[in-house]
Amino acid sequence: MIERRIPRRAVGRAACVTRACAFHRTACCLLLAGSVAACERRVQVAGPPDASREGVAGQVAAGGAAAPVTAAGAGTTGAASAAPPAAPEGDPAAPGGAPAALAASGAELARPAKCGGVPPLKLTLVASGLDQPTYVAAPPGDPARLLVLEKTGIIRLLKDGAVQQAPFLDARSRVFFPAPNAEGGLLGLAFHPDYAKNGRFWIHYSSAPRGNVVIEEWKRGAQGADAAHPEPVRSLVDVKHGAWNHVGGMLAFGKDGFLYAAIGDSARSPSPAADLTSKLGKILRMDVDQPGRAPAGNMTSGDPMIWDYGLRNPWRFSFDRLTGDLYIGDVGQKSWEEILVERPGQGRNDYGWEAMEGSHCYPPGSACKPRGVPPAVEHPRSEAGSIVGGYVYRGAKIPCLRGRYVYGDYVTGRFFSFVWDGKAATDRVELTSALSPNGLPSSFGEDAAGEIHVVMFNSGRIYRIDPG
């Protein structure tokens, strides 16, 4: 058994880390203060992204209040330094907590040409006291509401900045994860682009009693926007998974109007990621109005839902609101974490797993004929241990951040960014010095205005990236 080592710089001196063994599924806590000591509390559940098939679940318990840092890091990946001074950034929220204006117009969404590097940034606490949050999203066009998924099966409503006592949806009786430290549970949420009118939404979860991966349609309740109907409409996907990790979990609508979904490869060896008859290790693409008919452009052989394949555990992906580019964070195995970028409509890609880990032959040190589309960015294990895909910023509050992809890592607690120029990742900058409260980023999300939020699984907090 090989266990992944977690860099001590990951979260500071008071962080607790649970390292879960894939064979024994037991956990121990390490105090990262230069020596091994007892943790203040044992973390009993795994965070959403996995660590390696052999070892680390990437669990860090972070306690105490977070003091946001207000200076962004700037430099090449793997090093942080102060950002150059920047022009004043956007308008803050109006007095009295009124929401900022919704997303800027299309002409304003392009990244300004005259920006002095990455502007100063900070994380602003939006909500706390949540139970193992896995994702945050907003109904399209709704500036007053955020929905937060909790691993156990509850969707919490944040309305006008306050967590509501009554849940938006309680699906705990349907949601299952096979062990306390397993990665399953309630993981993904996507609203129909016309949700304001039709009230349709979809969730991605591990179902009871066997842990199948389920993608299911639900609808808003008759009483209004603050609660869902208590029963689902229909199931789009119900596939046997049979493992405790590599579940995937992301749902999102593309600019083409189709629903995309990520499912991991279930940690099997050999991996089913390249098997076109299996939904595991894939990005799926579905027509929610005609779920029995494959959208044009999907794979023409094998499972008709498959859009992309050769993925290990694509925990989080997103679409650029402006360009429609698809950004996929695929969690690595032994040596490399990767971000993949795909142009709109350019699916049916093989991303190489398990012949390749990133752009490298797998297993490490082996010889192979390179296979699949290489990543846009890859991080060695010294920089990242469980990559968490983020978003291209297209909000109104931080003009000089527009067009920049922001993402993070669940094991090290580091934040990274780059600008995709259509062919390559440019202007790679680390943002850890600005975006580092007590906690680890397990997911990112957007509000209706395109402002990026960060989910801290183990501290139960949601933050928003704001001007520093």
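Q: Where do I start with the state of the cysteines in this structure?
A: Evaluation of the coordinates by the stated rule reveals two disulfides. Sulfur-sulfur distance for the disulfide between C115 and C400 comes to 2.2 Å. Disulfide C115-C400: torsion about the S-S bond near -75 degrees, hence left-handed. A residue pair is termed long-range when its members are at least 10 positions apart, and C115 in the loop between α1 (106–109) and β4 (121–127) and C400 in the loop between β24 (387–392) and β25 (405–409) qualify at 285 residues. Grouping residues by exposure puts C115 and C400 together as buried. The disulfide bridge from C361 ends at C368, spanning 2.0 Å between sulfur atoms. Judged by the sign of its S-S torsion, about -85 degrees, the cystine formed by C361 and C368 is left-handed. Its relative accessible area of 30% is what places C368 among the partly exposed residues.

Q: Quick question: what am I supposed to make of the environment of K159 here?
A: Locating K159 in the fold gives a position in strand β7 (residues 154–159). Discounting residues that sit within four places of it in the chain, K159 has contacts with A144, R145, Q164 and D226.

Q: Would you mind going over the pattern of salt bridges with me for this structure?
A: Close approach of charged atoms allows side chains with opposite charge to pair. Under the defined criterion, the tally for this structure stands at 20 salt bridges. In this structure, R200 engages E217 in a salt bridge whose closest nitrogen and oxygen atoms are separated by 2.7 Å. Residue R200 is located in strand β11 (residues 200–207), and its partner E217 is located in strand β12 (residues 212–219); the two are separated by 17 residues in the primary sequence. Note on accessibility: R200 and E217 belong to one class, buried. R200 is the salt-bridge partner of D289, the closest N and O atoms lying 2.7 Å from each other. One end of the pair, D289, is in the loop between β16 (282–286) and β17 (306–308); the other, R200, is in strand β11, with 89 residues separating them in the sequence. Look at the salt bridges and you will find they share partners, linking D142, R145, K159 and D226 into a network.

Q: Would you mind showing me how to read the environment of L187 here?
A: The topology assignment puts L187 in strand β10 (residues 186–191). Assessed through its relative accessible area of 0%, L187 is described here as buried.

Q: Even after reading the chapter, I still don't get the packing of aromatic side chains, so can you show me in this structure?
A: Under the criterion given, the structure shown has 15 aromatic pairs. Among the aromatic residues, ring-to-ring pairing joins Y327, Y405, Y407, F416 and F418 into one connected group. The ring of Y195 carries the charged tip of R220 above its face, separated from the ring centre by 4.8 Å. The ring of W353 carries R312 above its face, with NZ or CZ at 5.7 Å from the centroid.

Q: What's the story with the sheet that holds β25 in this structure? I'm lost.
A: Sheet strands line up and pair through hydrogen bonds in the backbone, either parallel or antiparallel. Strand order in the open sheet made by the four strands is β24-β25-β26-β27, with antiparallel pairing throughout. A strand with exactly one partner marks an edge of an open sheet, and here the two such strands are β24 and β27 (425–430). With strand direction ignored, the average angle separating the axes of adjacent strands in the sheet is 25 degrees.

Q: So what exactly am I meant to see when it comes to the sheet that holds β16 here?
A: If you walk across this open sheet you meet the four strands as β14-β15-β16-β17, and the pairing is antiparallel. Looking at which strands have only one partner, the edges of the open sheet turn out to be β14 (251–253) and β17. If you compare each strand with its neighbour and ignore which way they point, the axes differ by 35 degrees on average. For strand β15 (residues 259–263) and β16, the ladder comprises five bridges, and the chain directions are antiparallel. Opposite Y260, over in β16, you have R285 as the bridge partner.

Q: What's the story with the confidence of the model for the protein chain in this structure? I'm lost.
A: Close inspection of predicted coordinates is inappropriate in any region flagged by low pLDDT. Averaged over every residue, the pLDDT of the protein chain is 81; residues scoring 70 or more account for 76%. Counting interchain partners and residues more than four positions distant, the pLDDT-below-50 stretch residues 1–46 has 123 contacts. Taken as a whole, residues 51–102 scores under 50 in pLDDT and shows 160 contacts with residues more than four places along the chain or in a different chain.

Q: I tried to follow unusual backbone geometry on my own but got confused; where do I start?
A: Cis geometry is found at the peptide bond from S269 to P270, where omega equals 5 degrees. Turning to its location among the elements, P270 is positioned in the loop between β15 and β16. Note that the residue after W353, namely E354, is joined by a cis bond; omega there is 10 degrees. Positionally, E354 belongs in the loop between β20 (336–342) and β21 (356–357). The backbone of H246 sits at a positive phi, close to 55 degrees, despite the residue not being glycine. When you line up the elements, H246 lands in the loop between β13 (234–239) and β14. Within the chain, R348 stands out as a residue other than glycine whose phi angle is a positive 60 degrees.

Q: I'm lost on empty space enclosed by the protein in this one. Help?
A: Over the atoms rolls a probe the size of a water molecule, and in doing so it shows where empty space is left. Overall, the coordinates contain two cavities of 30 Å³ or more when judged by the stated rule. The volume enclosed by the largest cavity comes to roughly 40 Å³. In terms of lining residues, the largest cavity is bounded by R312, D330, V331, G332, E338, Y351, W353, M356, E357 and G358. In the lining of the largest cavity, the residues fall into four nonpolar, two polar and four charged. In this structure, the second largest cavity occupies an estimated 30 Å³ of space. Every residue along the wall of the second largest cavity is listed here: P178, S206, G211, V213, H241, A243 and V247. Class assignment for the residues of the lining of the second largest cavity results in four nonpolar, three polar and no charged.

Analysis parameters
Residues numbered from 1 in each chain as written. Predicted model: local features only at pLDDT ≥ 70, side-chain atom pairs only at ≥ 80, totals over all residues. Heavy atoms only, no water. Disulfide = S-S within 2.5 Å. Helix = DSSP H or I, 4+ residues; strand = E, 2+ residues; numbered from the N terminus. Buried < 20%, exposed > 50% of the residue type's maximum accessible area, 1.4 Å probe, protein only. Contact = heavy atoms within 4.5 Å. Salt bridge = Lys/Arg side-chain N within 4 Å of Asp/Glu carboxyl O. Phe/Tyr/Trp six-rings, centres within 6.5 Å; stacked < 30°, edge-to-face > 60°. Lys NZ or Arg CZ within 6 Å of the ring centre and 35° of its normal. Pairing = 2+ DSSP bridges. Axes fitted to C-alpha atoms, helices over the stretch in contact; angles between N-to-C directions. pLDDT = per-residue confidence, 0-100. 1 Å grid on protein atoms, 1.4 Å probe; cavity = no way out; pocket = protein on both sides within 12 Å on 5 of 7 lines; lining within 4 Å. Points joined across faces, edges and corners; volume = space filled by probe spheres on them. Nonpolar A, V, L, I, M, F, W, Y, C, P; charged D, E, K, R; others polar.

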